[in-house]
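# Tertiary structure, described
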Amino acid sequence: MDSDDEYMSGLSSEGEDNILQDESDEEGSDGDDFGFEDDEEPEPDLGYSQKDSVKKEKKSFDINFKVYHPADIQTQQDELINEVNMILDIRKEDAAILLRHFRWNKERLIEDYMDRPNKVLESAGLGPSTSGLQLESIMGFTCDICYEDDGTQTFAMKCGHRYCVDCYKQYLGQKIIEEGEAARIQCPNDGCKRIMDSKSLDLLVTADLQQRYHEILTRTFVEDKDHLKWCPAPDCQNAIECGIKKKDLDKVVPTVACDCKHRFCFGCGIPDHQPAPCDLVKKWLKKCADDSETANWISANTKECPKCGSTIEKNGGCNHMTCRKCKNEFCWMCMGIWSEHGTSWYNCNRFEEKSGSEARDAQAKSRISLERYLHYYNRYANHELSAKLDKDLYQKTEKKMIQLQTASGMSWIEVQYLNTASQALQTCRQTLKWTYAFAFYLARNNLTIMFEDNQKDLEMAVEALSEMFEKPVTELADAKLKVDIMDKTSYCNKRRVILLADTADNLANGVWSWGISF
Amino acid sequence: MATTLATKRLSKELAKITDIMPDGLTLVSATDFTSWTIDLTVLDANPLYLNQTFRLKFLFSDKYPMEPPEVVFVSLHEPPRPIPMHPHIYSNGIICLDLLGQNGWSPVQNVQSICVSLQSMLTGNSKNERPEGDTAFVATNRQRPRDINFYYHDDKV
Ligand SMILES: [Zn+2]
Ligand SMILES: [Zn+2]
Ligand SMILES: [Zn+2]
Ligand SMILES: [Zn+2]
Ligand SMILES: [Zn+2]
Ligand SMILES: [Zn+2]
C-alpha cells in the first residue's frame, strides 16, 4: 500500500466506505463491532443501488460527510486502540501512544510494527522496559527535581527514571495546563524520550487534570486526522468527517453542515462559499483586502435618489428602493429604474464590457478593469450587507409576530413560515454573494451568459421575497401574503438549487473558462 | 508565603553552591529566590574569551523548576563584564539555547548545570561573530527571552 496516499492516510477501510457510500446510515458512528469482518462487506453494487433509490434525493453539489459529537470522537479512538491492542498484542496505553505517533494511521503502524517492532517502539518513546508501574516509597531515595529524601511516594515509568509523586504532579500540571500538551509529554529526565501514557497519568494526577488531559488528547486526534475537522462555530464541540481530497478542491466545493446549523467549507474552513471553489475564494478575499480602500464607499448605508437627490437610507435587505419624496422606484445596486429589472433585456447583474475601441491605451484599460472589479465587488458586498439587514429585519418582525400571535390567536407553528423564509433569504444571499466573486473570474462565453441568467433569476426571486418581508406586521398576518411568502420561499430555494447544480456540474467537468486566473 | 517547590528547591541549590562553587563560577548575589547573578569564566584557553569574565542574570518564576529560568548575559563597565561574542548570543545578552526553551528544558536541570552548559558552549566556539540579524533583533525585540521562539540553528555550537 502506498502509505503516502493523502486520501488513505489515517483512515480505516470501513471508515472510508461510510464516507463514500453510506450517508443514510447516520446512527452508531460506524458501529464496527466486528473489526475483522469488514473485509466481507456485501457486494458493493447490489447493496447500494437498492439503497440509493430509497434514500432522499441527493443534489449533485452535495458532498457526503458525517458529524461527530464528542462521545463519537472518543468511541472512534477507543475502537482504533482496541483493534491495535488485539492485533499487535500490546497494552492499550502503548497502542494509544503508537497510534498517536503514527497520526492514527493504523495500517502504516501495523505494517511498520510487523517489520521492525523495536525500532517503532523506540521512536514512539516506548523504549526498553525495566520496571513495573506502581507508586513506591524507597529508603534513601533522593528526588532529582526537588532534592528531597524524606521517604515520600515515588513513581517511575518503564524507563526507570524515578521522581517523587508531588514533583510528577507539578510537572504534569505544567505540561497539561500551561503548555497544553498531552500526546507527547516526555519523561521529566533530561533527554529521555519516554512518553507519558494515560495509565501512568491516571495513577499520578487528580481527576480534573485527567479530564483536561483527555480533552487535549481528543483535540489532537481530530487535528491529526486528515478527514476530520472541528466545526469552526464558536462553542461548538463537534467534528466533521469528510473524505474530500485536497487535489479535488478545484472541481468540488465541499460545503458541510454541522448539527449546530453552521454551514462551512470543509476545504478551507470559512462559511459556505458555493458555488465558488476554494482557490478562487482565497484569491478574491485577498483582492478585496488589497483593494479595500477603492471599494470602501460601498459599505455606506445611504445614497442619493437618482431623480430628486434626496437622501435614501437602506434599512432592509431589499434592493427595490422607493424615494419617499418623489416616489421614484430604483435599484439600490445599479441606481437604474426598478420596473425594467424584471425584463429580459435589462441586466443589473451583468457587467457590460465596453467595445474594444474605447480601451486602447493602458490608462483606459486599467480604468475599465477597475470598473469591472467594482461592478462585481459592489454586488458581492451588497448581498453580504443585505443578508445582515434581512436578519435584523426578521428579528424585529419576530418580536412583532409574537405580539400578533397573542392578538390574533395565531399559533407559534402558524408563524414559522416567516422563519423558513428568513432562512431561505440568508442562504440564497450567501450563494448570490459568491456568484459575483465567481463571475468576476469568468471569461465571457455562452456558459457564462447562462450562469448570469440563473443568477438573475435567483436574484429577482430573492429581492421579491425580501420585499415581502418589509411589509408592516399587520399585512404579514394576511392569509394571502402568507401563501405568497411561502410560494416565493420555495421558489427561491428551487432557483438556488438550479444555479448551484449547474455551476457544480460544469466545475466537476472542468468546462468553465476563466478570464482571470486564480 | 507558603514554601513552594521553587523556594525549597532554590534554597537547596543555594546551600550547595555556597558550599562548593564549581570552577569558573562565582556567585555575585542571591538575596532572594527570584533573581540571582553569577560571574562566569571559560575554563580552557579559548583566545576569544581569554582573561574575560561574563555576568549571568537568572530570573526564576514560581513555576521553577518545571519552567526554565530566564537567563541572560548582562554587561557592566565596572568591573568590566562584556557580552561574550558567540553566534548564538545576541549583543543585548539574550541567549539562543535549546536548554533554556520550553521544549529543551527538563526539571532535573539546575542553575549549576545551566552554567556548565554555557561554559562549554563558549569553550567549543571559534567564531568571533554575533547571530545573523543581530542588529535588527536587538533594535526591535521587546519580548522576554522565554517568549521568543528561537529557531535552533544547530545543537552542536
Ligand atoms: Zn521530588
Ligand atoms: Zn525517563
Ligand atoms: Zn457546529
Ligand atoms: Zn473552501
Ligand atoms: Zn427621489
Ligand atoms: Zn439594478
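As named in an unreviewed UniProt entry, chain B is Ubiquitin-conjugating enzyme/RWD-like protein, taken from Calycina marina.

Going by the annotation in an unreviewed UniProt entry, the name recorded for chain A is RBR-type E3 ubiquitin transferase, with Calycina marina given as the source organism. According to UniProt, the comment filed for chain A under the heading Catalytic activity (unreviewed entry) is "[E2 ubiquitin-conjugating enzyme]-S-ubiquitinyl-L-cysteine + [acceptor protein]-L-lysine = [E2 ubiquitin-conjugating enzyme]-L-cysteine + [acceptor protein]-N(6)-ubiquitinyl-L-lysine."

Residue and element names in this part refer to chain A. Sheet architecture is open: three strands sit in the order β1-β6-β5, paired in antiparallel fashion. The outermost strands of the open sheet, each flanked by one partner alone, are β1 (65–68) and β5 (228–230). Neighbouring strand axes in the sheet, compared pairwise and without regard to direction, differ in orientation by 25° on average. Here four bridges tie β1 to strand β6 (residues 239–242), and the two strands are oriented antiparallel to one another. For phenylalanine 65, the partnering residue across the bridge sits in β6 and is cysteine 242. Helix-sheet contacts for helix α9 (residues 207–224) involve β5 and β6, and the interaxial angle to β5 is about 125°.

Moving on, we get to the coordination of the zinc ion (ligand 4). All names here are of chain A. Coordination of the zinc ion (ligand 4) by the protein involves Cys265 (SG), Cys268 (SG), His273 (NE2) and Cys278 (SG), with metal-donor separations of 2.0 to 2.3 Å. When the donors of the zinc ion (ligand 4) are listed by position in the chain, the intervening gaps give C-x2-C-x4-H-x4-C. Of this pair, cysteine 268 sits in the loop between β8 (263–265) and α10 (278–290) while cysteine 278 sits in helix α10, placing them ten residues apart in sequence. Given a relative accessible area of 7%, cysteine 278 falls into the buried group.

Residues and elements named next belong to chain A. Overall, the coordinates contain 28 salt bridges over all chains when judged by the stated rule. Between lysine 106 and glutamate 83 there is a salt bridge, with the nearest N and O atoms lying 2.6 Å from each other. Of the two residues, lysine 106 sits in helix α5 (residues 106–115) while glutamate 83 sits in helix α3 (residues 70–88), which places them 23 residues apart along the sequence. Judged by relative accessible area, glutamate 83 falls into the buried class, the value being 11%. Its salt-bridge partner being arginine 495, residue aspartate 457 comes within 3.3 Å of it at the nearest N-O pair. A residue pair is termed long-range when its members are at least 10 positions apart, and aspartate 457 in helix α14 (residues 446–469) and arginine 495 in helix α16 (residues 479–508) qualify at 38 residues. Here the salt bridges share partners, and the residues they tie into one network are Arg91, Glu93, Asp94 and Asp197.

Moving on to the sheet that holds strand β2 (residues 136–137) of chain A. Residue and element names in this part refer to chain A. Strand order in the open sheet made by the three strands is β2-β3-β4, with antiparallel pairing throughout. Both edges of this open sheet fall to β2 and β4 (162–164), since each of them pairs with a single strand only. Two elements, strand β3 (residues 153–156) and β4, share three bridges in a ladder whose sense is antiparallel. Residue pairing across strands places threonine 154 opposite cysteine 164, the latter belonging to β4.

Right, let's talk about the packing of aromatic side chains for a bit. Evaluation of the coordinates by the stated rule reveals 29 aromatic pairs over all chains. Here the aromatic rings of tryptophan 284 of chain A and tyrosine 377 of chain A are separated by 6.4 Å at their centres, their planes lie at 35°, and the arrangement is tilted. One end of the pair, tryptophan 284 of chain A, is in helix α10; the other, tyrosine 377 of chain A, is in helix α12 (residues 362–408), and 93 residues separate them in sequence. Tyrosine 377 of chain A shares its class with tryptophan 284 of chain A; the two are buried. Here the aromatic rings of phenylalanine 58 of chain B and phenylalanine 60 of chain B are separated by 6.0 Å at their centres, their planes lie at 20°, and the arrangement is stacked. For phenylalanine 60 of chain B, a relative accessible area of 7% puts it in the buried group.

Turning our eyes to something else, we now look at the pairing of β3 of chain A. Residues and elements named next belong to chain A. The sheet contact formed by β2 and β3 spans two bridges and is antiparallel. By the bridge assignment for β3, glutamate 136 is matched with threonine 154. Turn length for the β3-β4 hairpin, with the two strands adjacent in sequence and antiparallel, is five residues, and the turn residue glycine 160 shows positive phi of about 90°.

Right, let's talk about the coordination of the zinc ion (ligand 5) for a bit. All names here are of chain A. Here the zinc ion (ligand 5) is held by Cys305 (SG), Cys308 (SG), Cys323 (SG) and Cys326 (SG), and the distances to it run 2.2 to 2.4 Å. In this structure, the zinc ion (ligand 5) is coordinated by four donor atoms arranged in tetrahedral fashion, with angles at the metal of 104 to 117°. Considered as a linear motif, the donors of the zinc ion (ligand 5) on their single chain read C-x2-C-x14-C-x2-C. Residue cysteine 308 is located in the loop between β9 (302–304) and β10 (311–313), and its partner cysteine 323 is located in the loop between β11 (320–322) and β12 (329–331); the two are separated by 15 residues in the primary sequence. For cysteine 323, a relative accessible area of 1% gives the class buried.

Let us now look at the nonpolar core. Ranked by size, the top nonpolar core spans 52 residues in total, and within it Trp284, Tyr380, Leu418 and Ile485 of chain A carry the most contacts. Among the elements of the structure, α10, α12, α13 (416–441), α14, α15 (473–476) and α16 of chain A are those that each provide at least two residues to this core. Top contributing element to this core by residue count: α13 of chain A, with 13 residues. If near-sequence neighbours (up to four positions away) are discounted, isoleucine 485 of chain A is found in contact with Tyr417, Leu418, Ala421, Leu465, Met468 and Leu476 of chain A. Within the second largest apolar cluster, 32 residues are counted, among which are Leu14, Tyr64, Leu100 and Leu118 of chain B.

Looking now at a nonpolar patch on the surface. All names here are of chain A. Residues Met86, Ile87 and Met114 make up a contiguous nonpolar surface patch of about 300 Å² in total accessible area. Relative to the helices and strands, methionine 114 is located in helix α5. Classification of methionine 114 as exposed rests on a relative accessible area of 54%.

Turning our attention to the environment of threonine 397 of chain A. All names here are of chain A. The residue threonine 397 is located in helix α12 in this model. Residue classification places threonine 397 among the buried positions, given a relative accessible area of 6%. C-alpha of threonine 397 to C-alpha of phenylalanine 469: the two residues are 72 residues apart in sequence and 8.4 Å apart in space.

Let us look at the packing of α13 of chain A against α14 of chain A. All names here are of chain A. Interhelical geometry of α13 versus α14 gives an angle of 145° and a closest axis separation of 10 Å. Between α13 and α14 lies a crossing of left-handed hand. Along its contact with α13, which presents Leu418, Ala421, Ser422, Leu425, Cys428, Arg429, Leu432, Thr435, Tyr436, Phe438 and Ala439, the element α14 presents Phe451, Gln455, Leu458, Glu459, Val462, Glu463, Leu465, Ser466 and Phe469. Tallied by class, the residues present in the contact of α13 with α14 amount to 13 nonpolar, four polar and three charged.

Our focus in this paragraph is the confidence of the model for chain A. Per-residue confidence for chain A averages 82 on the pLDDT scale, and 85% of its residues sit at or above 70. Low pLDDT, under 50, characterises residues 1–55 of chain A; the predicted model gives this stretch 68 contacts beyond four residues in sequence or across chains.

It is worth spelling out the packing of α10 of chain A against α12 of chain A at this point. Residues and elements named next belong to chain A. Between α10 and α12, whose axes approach to 12 Å, the crossing angle comes to 100°. Our classification of the angle between α10 and α12 gives roughly perpendicular. Contacts between α10 and α12 involve Trp284, Leu285, Lys287 and Cys288 from the first element and Tyr373, Tyr376, Tyr377 and Tyr380 from the second. A breakdown of the residues in the contact of α10 with α12 according to their chemical character gives seven nonpolar, no polar and one charged.

Reading the values: rules and limits
Residues numbered from 1 in each chain as written. Chains lettered and ligands numbered in written order. Predicted model: local features only at pLDDT ≥ 70, side-chain atom pairs only at ≥ 80, totals over all residues. Heavy atoms only, no water. UniProt positions renumbered as here; feature names shortened; annotations may be inferred. Pairing = 2+ DSSP bridges. Helix = DSSP H or I, 4+ residues; strand = E, 2+ residues; numbered from the N terminus. Axes fitted to C-alpha atoms, helices over the stretch in contact; angles between N-to-C directions. Contact = heavy atoms within 4.5 Å. Donors = N, O, S within 2.8 Å, 3.2 Å for Na, K, Ca; no water. Buried < 20%, exposed > 50% of the residue type's maximum accessible area, 1.4 Å probe, protein only. Salt bridge = Lys/Arg side-chain N within 4 Å of Asp/Glu carboxyl O. Phe/Tyr/Trp six-rings, centres within 6.5 Å; stacked < 30°, edge-to-face > 60°. Tetrahedral: all angles 85-135°; square planar, octahedral: opposite > 155°, others 65-115°. Core = buried A, V, L, I, M, F, W, Y, C linked by side-chain atoms within 4.5 Å. Patch = residues over 30% accessible without salt bridge, like charges linked within 9 Å, V, L, I, M, F, W, Y side chains within 5 Å. Areas by Shrake-Rupley, 256 points an atom, 1.4 Å probe, with all protein chains shown as cover. Left-handed = near helix turned anticlockwise from the far one by under 90°. Nonpolar A, V, L, I, M, F, W, Y, C, P; charged D, E, K, R; others polar. pLDDT = per-residue confidence, 0-100. Parallel < 35°, antiparallel > 145°, perpendicular 65-115°, else oblique.

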